[in-house]
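The primary structure of each chain is shown beneath.
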Amino acid sequence: MWNSDPSQTSGTQSQNVQNGRSTTTSPQQPVKQLGMTSAISLADPRPEDLQKTDDLKKCLEPYQVFETQDELNHRMEILAKLNTLVKQWVKDVSVSKNMPEVAAEKLGGKIYTFGSYRLGVHHKGADIDALCVAPRNIERTDYFTSFFDLLKRQSEVTECRAVEEAFVPVIKMNFDGIEIDLLFARLSLKEIPDDFDLRDDNLLKNLDPRSVRSLNGCRVTDEILALVPNIENFRLALRTIKLWAKKHGIYSNSLGYFGGVTWAMLVARTCQLYPNAVAATLVHKFFLVFSRWKWPNPVLLKHPDNVNLRFPVWDPRVNVSDRYHLMPIITPAYPQQNSTFNVSESTKKVILNEFNRGMTTTDEIMLGRASWDRLFEAPSFFYSYRHFIVLLVSSITAEDHLEWCGLVESKIRLLIGYLERNEHISLAHVNPKCFEYKKGEKSLQNSSGNEDDKSQNSQVVSSSPYCSMWFIGLEFKRTENLNVDLTENIQNFTEHVIHHGVNIKMLKEGMLIEARHVKRKQLSLYLDADFLKRERKSMETHTSFNNMVMANRQRYSTELAQTSQKDNGSTKRMRLSESRNDDNSNASSDTGGTTPTMQKPAPTFINASNTSINDRSCSEDNAINSQSLQLSGSSSSGNTNTNNSTTTEVACS
């Protein structure tokens, strides 16, 4: 029901988990293909891969990504209470509508979970995404009236509020210390049995769009769990990637980055391509696959279902707007949607840069030259740019401020769009973290002597009791005597937000929004001095790490050139053979059927036990490119190529 235990999932898994790896129940049983294409490698993990996975688990513990058994049991108890409330509410409402009590007793009603909790990757203190499913005699108005009142009467429930007019209507609450977002779906069924499976496409018949959208979260989550070969390896890899994405500031669907379901689908796709790999290898291969993915070719976990219930689905052959999506990642449940439609040119650049950075870092980790902690250390955002837009959002009361900030945050991507259309701006990088401004803690001194700086520092940041800030780093195109006027971009954005606030009757007295252009040396006006010092130190550490990597690569290139001159032909042939064999043993083989055009060692490091990282052959790059190209062809033609027969020419250095 709401259990996140792997035994409670789809039941399609035929593997046992032994020492962090999957083994089929029968040695003679053919490997089941999961996904659009066959795997890149079926290689089993080596002892050093298992050790790296153990190191990864230990590294994650201080970040509080795991809950204790008592905390997990507490969540289960809360969901059990909520499920009981739903059943009783369905019965009471049905009786009030003149249904016999005996019949009302059989109607059921159920709580389903989705998102990170259902996937089994939630962290300490995380909220729970849940869905209330009711039979056909229960109306949506009943849910937002009688059930909402019932929740407010519970002693464990606080901060209960209904958002009935949202795109996906929801009741938000705190239930005994756990935040819960509870959606509602009314099915065209007389009864809701306890073992009812929401993945059946036929249950969507005759449903209203809001119920379909509410059901989508559960249906997508269950499909993801059914499409990965080893759930435990998937979960540990996903915990790692989610923590990495948050630390590197690329975890936010509303701001144009990737949300939780998107990261889950990318990790699931990696698991499909390397079905026997353990978590440490999966994390490494994740960066390899998606740093080389041929965007905008779509990422799909399965061939789209041939269902026609007249709900809109992602299909660039039919929908012109779908052709302009930059990084399409398609949900596996009908109706299929692109989970990354908010991605812009700027956020795409930032995400790809982090993929490449992650590839370099995990190479170092797998070579033993860095620890897993290095993966979660990001370069300083505030020392990466010289110019910023600071977005100030202020209100008079805490309740107003919560609503106002939510609206502004949902619109920030529009400001990014305005800035991207400015001919002088090459990148507008929004930091997803919201900073709270505290009056009286910032230094207002100006030591530059510049009149513009004096004017900026003489400004009062905010006189409102509540003020929040978002920062956007700007990168300008290199032009002589550049003079950029951002007034129109900023004014268009603020007017749009205020106009929308008026239209939905949210705007109240004291709700203000302002955007300012500031330079790096003026950040102390808005941010704590100690925080900026830590940011500077973080940037220095990152620069030092990058310098070390470049020095090692240069040294390896020199040693490789010298060795090539000394080695005779037989030694060269032996080394090439060893490299190929080791590649095949460490998920770098051309298992997918792609013909490698060349094999050439990449200029990284010499380490005999990790040849497949240092001398990563073109075969794996070819296979990855082939995956994205085949998926592109499948999405446009409607045919799945499961033989990986496409040969792609790539240049490897």
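Residues numbered from 1 in each chain as written. Predicted model: local features only at pLDDT ≥ 70, side-chain atom pairs only at ≥ 80, totals over all residues. Heavy atoms only, no water.

(A) View of the overall build of the protein chain. Of the regular secondary structure elements, the protein chain holds 17 helices and 12 strands. A total of 653 residues make up the protein chain; the buried ones form 52% of that total. Of the contacts made within the protein chain by residues no fewer than 6 positions apart, 77% connect residues no fewer than 24 positions apart. A total accessible area of about 30000 Å² is found for the protein chain, and carbon and sulfur atoms account for 48% of it. (Helix = DSSP H or I, 4+ residues; strand = E, 2+ residues; numbered from the N terminus. Buried < 20%, exposed > 50% of the residue type's maximum accessible area, 1.4 Å probe, protein only. Contact = heavy atoms within 4.5 Å. Areas by Shrake-Rupley, 256 points an atom, 1.4 Å probe, with all protein chains shown as cover.)

(B) Seen up close, helix 5 (residues 140–152). The first and last C-alpha atoms of helix 5 sit 17 Å apart over 13 residues, in line with the 18 Å expected at 1.5 Å per residue. Within helix 5 the residues assigned to the buried category are Arg-140, Asp-142, Tyr-143, Phe-144, Phe-147, Phe-148, Leu-150 and Leu-151. (Expected span 1.5 Å × (residues − 1).)

(C) Quick look at the environment of Ala-378. Tracing the backbone through its elements, the reader meets Ala-378 in the loop between helix 10 (345–366) and strand 8 (387–395). Spatially, the C-alpha atoms of Ala-378 and Ser-538 are 7.5 Å apart, while their sequence positions differ by 160 residues. Discounting chain neighbours no more than four positions away, the residues touching Ala-378 are Lys-247, His-248 and Ser-538.

(D) Layout of the sheet that holds strand 3 (residues 110–114). Taking strand neighbours across the sheet as the criterion, the 5 strands line up as 3-4-7-6-5 in an open arrangement whose pairing is mixed. Each having just a single partner strand, strand 3 and strand 5 (157–163) make up the two edges of the open sheet. Neighbour to neighbour, the strand axes of the sheet diverge by 25° on average, direction disregarded. Alignment of strand 6 (residues 170–175) against strand 7 (residues 178–186), held across 6 bridges, turns out to be antiparallel. When the sheet's bridge partners are listed, Lys-172 is paired in strand 7 with Asp-181. Along the sheet face, helix 6 (residues 209–226) touches strand 3, strand 4 (128–134) and strand 7 and points at about 120° away from the line of strand 7. (Pairing = 2+ DSSP bridges. Axes fitted to C-alpha atoms, helices over the stretch in contact; angles between N-to-C directions.)

(E) Focus on the side chain of Lys-91. Inspection of the secondary structure assignment puts Lys-91 in helix 2 (residues 69–96). Apart from the residues within four sequence positions on either side, Lys-91 is in contact with Glu-101, Ala-104 and Glu-105.

(F) Examining a nonpolar patch on the surface more closely. Among the surface-exposed residues, Ile-498, Val-502 and Leu-507 lie close enough to one another that they form a single nonpolar patch of about 210 Å² accessible area. Note that Leu-507 resides in the loop between helix 13 (487–503) and strand 12 (512–519). (Patch = residues over 30% accessible without salt bridge, like charges linked within 9 Å, V, L, I, M, F, W, Y side chains within 5 Å. Salt bridge = Lys/Arg side-chain N within 4 Å of Asp/Glu carboxyl O.)

(G) Structural view of the pairing of strand 3. Judged by how many residues are buried, strand 3 sits mostly within the fold: 5 of 5 residues are covered. Side chains Lys-110, Tyr-112 and Phe-114 project from strand 3 onto one buried face, and the interleaved Ile-111 and Thr-113 project onto a second face that is buried too. Of the pairings in the sheet, the one linking strand 3 to strand 4 comprises 5 bridges and is antiparallel in character. Counted as the bridge partner of Ile-111 is Cys-132 from strand 4.

(H) Quick look at the side chain of His-401. Among the structural elements, His-401 can be located in helix 11 (residues 398–420). Overall, His-401 belongs to the buried group, its relative accessible area being 7%. Residues within four places of His-401 in sequence aside, it is in contact with Val-393, Ser-394, Ser-395, Glu-436, Tyr-466, Cys-467 and Ser-468.

(I) Summary view of the packing of aromatic side chains. Following the criterion strictly, the structure yields 30 aromatic pairs and no others. Their ring planes at 85° and their centres at 6.4 Å tell us that Tyr-385 and Phe-388 sit as a pair that is edge-to-face. Comparing Tyr-385 with Phe-388, the two get one shared label, buried. Taken together, the ring pairs connect Trp-244, Phe-258, Trp-263, Phe-286, Phe-287, Phe-290, Trp-293, Trp-295 and Phe-355 into an aromatic cluster. Arg-213 extends its terminal NZ or CZ atom over the ring of Phe-167, reaching a point 3.8 Å from the ring centre. Its end group placed over the ring of Phe-545, Arg-374 keeps NZ or CZ at 4.4 Å from the ring centre. (Phe/Tyr/Trp six-rings, centres within 6.5 Å; stacked < 30°, edge-to-face > 60°. Lys NZ or Arg CZ within 6 Å of the ring centre and 35° of its normal.)

(J) View of the packing of helix 7 (residues 231–247) against helix 9 (residues 279–291). The interhelical angle for the contact between helix 7 and helix 9, taken along N-to-C directions, is 50°, at an axis separation of 8 Å. The pairing of helix 7 with helix 9 is recorded here as oblique in orientation. In this structure, helix 7 crosses over helix 9, and the sense of that crossing is right-handed. For the pair helix 7 and helix 9, the contacting residues are Asn-233, Leu-236, Ala-237, Thr-240, Ile-241 and Trp-244 in the first and Ala-279, Leu-282, Val-283, Phe-286 and Phe-287 in the second. Class assignment of the residues belonging to the contact of helix 7 with helix 9 gives a composition of 9 nonpolar, 2 polar and no charged. (Parallel < 35°, antiparallel > 145°, perpendicular 65-115°, else oblique. Left-handed = near helix turned anticlockwise from the far one by under 90°. Nonpolar A, V, L, I, M, F, W, Y, C, P; charged D, E, K, R; others polar.)

(K) Representation of the pattern of salt bridges within the structure. By the definition in use, this model includes 23 salt bridges. The salt bridge partner of Arg-357 is Glu-354, with a shortest N-O separation of 3.1 Å. Taken as a pair, Arg-357 and Glu-354 lie in helix 10 at a separation of 3 residues, close to a single helical turn. Residue Lys-508 is joined to Asp-400 by a salt bridge in which the shortest nitrogen-to-oxygen separation is 3.2 Å. Residue Lys-508 is found in the loop between helix 13 and strand 12, and its partner Asp-400 is found in helix 11; the two are separated by 108 residues along the sequence. With a relative accessible area of 41%, Lys-508 lands in the partly exposed category. Shared partners join several salt bridges into a network, and the residues in it are Arg-46, Glu-48 and Asp-49.

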